[in-house]
Amino acid sequence: MNKSIVVVDCDDPLLAEEICAALDYYPEVEAVLPTHPSAHAAHYASCWFPDPQLLTHCPNLKLVQAASAGVDHLPEALFMSDIPLCCVVDDNFRHGMFEYALWGVLHFQRYFDRAIRNQQRKHWQLYPQRASNVFQVGVMGLGEIGSYLASQLALLGYPVSGWARSEKSLAGVTCFAGEHQLDAFCRNLDVVINVLPLTEQTRGIIASPLFNKLPQGAALINCGRGAHMINHEVMAALDSGQLGGALIDVFPVEPLPDNDPIWTHPKVIVTPHMASSAQVSVIVAQLIDNIARVEQHRPLRNQVDKHHGY
């Protein structure tokens, strides 16, 4: 591999420094921050919310790798360019998302949400136990992460349905595709889990039209992207009872502002974008692997389809 400069261009200084420190163990590359004088000559970039002018500041890039599974935080100019774009996906990340989703499913299946609200008012009430094999789970998004969530939940005995923009086939999962099958997907769900990629087609999809397709009282778990969700329509559905509860990890504005009413809604659990995250060691290992693949003209790992945005 030729010696290359890797630019770690992040809005999170600590993450940037951690990635740079981890890259110090690879003598074949030199890791620099965007402020370094040699950054403009970089051939490779690892990014988390980079400067929108990334391509102007670094005109020699041969590869950009997101330090995450999602790529919606990257500048639009990158999607219009010929520079290959990759993301980070690994087994631990997928399993972390599954653990978060399973927690949410159990939270609503076993009425833990009601028990927590009852504790706050010192009210003792038992609820009938619902078995997993009658609790209908829907997963929106059947990519690397969604397929794993759906398959793992099905293995635990849940009846699982999945919905994607294009047709998929998963053992033990009833799959639906496209707008024309969204009604059928939603019809009998007790909980819907969103892990869709963020595209112009999916932006704002977690909103009233979707909620109105669900049975009254169904629950929402959103660990996809904040921009999928229209906050005030989520609140309205919760207030009307159309949604029975929500576990929300991602928001249109993060951190969630102090005065946002979602913080204090009795039917909502707020988590701070913690469903899962890639370890720095994994980010760096996949970046180094893809740099080698570029240098050796081999196919890249986890390359993003720029046309589809994921």
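See the structure printed just above.
We now turn to the structure provided with this report. Everything numeric in this text was worked out from a predicted model, so none of it was measured. (Residues numbered from 1 in each chain as written. Predicted model: local features only at pLDDT ≥ 70, side-chain atom pairs only at ≥ 80, totals over all residues. Heavy atoms only, no water.)

## Quick notes on the pattern of salt bridges
- The tally for this structure, following the rule as stated, stands at 10 salt bridges.
- Across the salt bridge formed by Lys62 and Glu295, the nearest N and O atoms sit 3.4 Å from each other. Of this pair, Lys62 sits in the loop between helix H2 (54–57) and strand S4 (63–66) while Glu295 sits in helix H10 (residues 280–295); the two residues are 233 residues apart in sequence, bridging distant segments of the chain.
- Judged by relative accessible area, which is 33%, Lys62 ranks as partly exposed.
- A salt bridge links Asp91 to Arg94, with the nearest nitrogen and oxygen atoms 2.9 Å apart. Here Asp91 pairs with Arg94, and both are found in helix H4 (residues 91–109), just three residues apart, close to one helical turn.
- Look at Asp91 and you get exposed, because its relative accessible area is 53%.
- Sharing partners across several salt bridges, the network here consists of Asp91, Arg94 and Glu144. (Salt bridge = Lys/Arg side-chain N within 4 Å of Asp/Glu carboxyl O. Helix = DSSP H or I, 4+ residues; strand = E, 2+ residues; numbered from the N terminus. Buried < 20%, exposed > 50% of the residue type's maximum accessible area, 1.4 Å probe, protein only.)

## Side note on the environment of Ala66
- By the element assignment, Ala66 lies in strand S4.
- A relative accessible area of 0% places Ala66 in the buried class.
- Along the primary structure Ala66 and Trp48 are separated by 18 residues, whereas in three dimensions their C-alpha atoms are 6.1 Å apart.

## Notes on the packing of helix H1 (residues 13–23) against H10
- The interhelical angle for the contact between H1 and H10, taken along N-to-C directions, is 55°, at an axis separation of 10 Å. When the axis of H1 is compared with that of H10, the two are oblique. As for how H1 packs across H10, the hand of that crossing is right-handed. Every residue of H10 that contacts H1 at Leu15, Glu18, Ile19, Ala22 and Leu23 is listed here: Val280, Ile283, Val284, Leu287 and Ile288.
- Looking at the contact of H1 with H10, its residues break down into nine nonpolar, no polar and one charged. (Axes fitted to C-alpha atoms, helices over the stretch in contact; angles between N-to-C directions. Parallel < 35°, antiparallel > 145°, perpendicular 65-115°, else oblique. Left-handed = near helix turned anticlockwise from the far one by under 90°. Contact = heavy atoms within 4.5 Å. Nonpolar A, V, L, I, M, F, W, Y, C, P; charged D, E, K, R; others polar.)

## A word on the sheet that holds strand S9 (residues 191–194)
- With parallel pairing, the seven strands of this open sheet are ordered in space as S8-S7-S6-S9-S10-S11-S12. The open sheet has two edge strands with one neighbour each: strand S8 (173–177) and strand S12 (268–270). Along the sheet, successive strands turn relative to each other by an average axial angle of 15°, direction set aside.
- The sheet contact formed by strand S10 (residues 218–222) and strand S11 (residues 243–248) spans five bridges and is parallel. Looking at S11, one finds that Ala219 is bridged to Gly245.
- Across the sheet, helix H9 (residues 231–240) is in contact with S10, S11 and S12; its angle to S11 comes to roughly 140°. (Pairing = 2+ DSSP bridges.)

## Thoughts on the pairing of strand S6 (residues 137–140)
- Of the two faces of S6, both are covered, the one formed by Val137 and Val139 as well as the one formed by Gly138 and Met140.
- Note: S6 against strand S7 (residues 160–164), four bridges, orientation parallel. Paired with Met140 across the bridge in S7 is Trp163.
- Regarding topology, helix H6 (residues 144–155) serves as the crossover connection from S6 to the parallel S7, and that connection is right-handed. (Right-handed = clockwise from strand over helix to strand, strands pointing away.)

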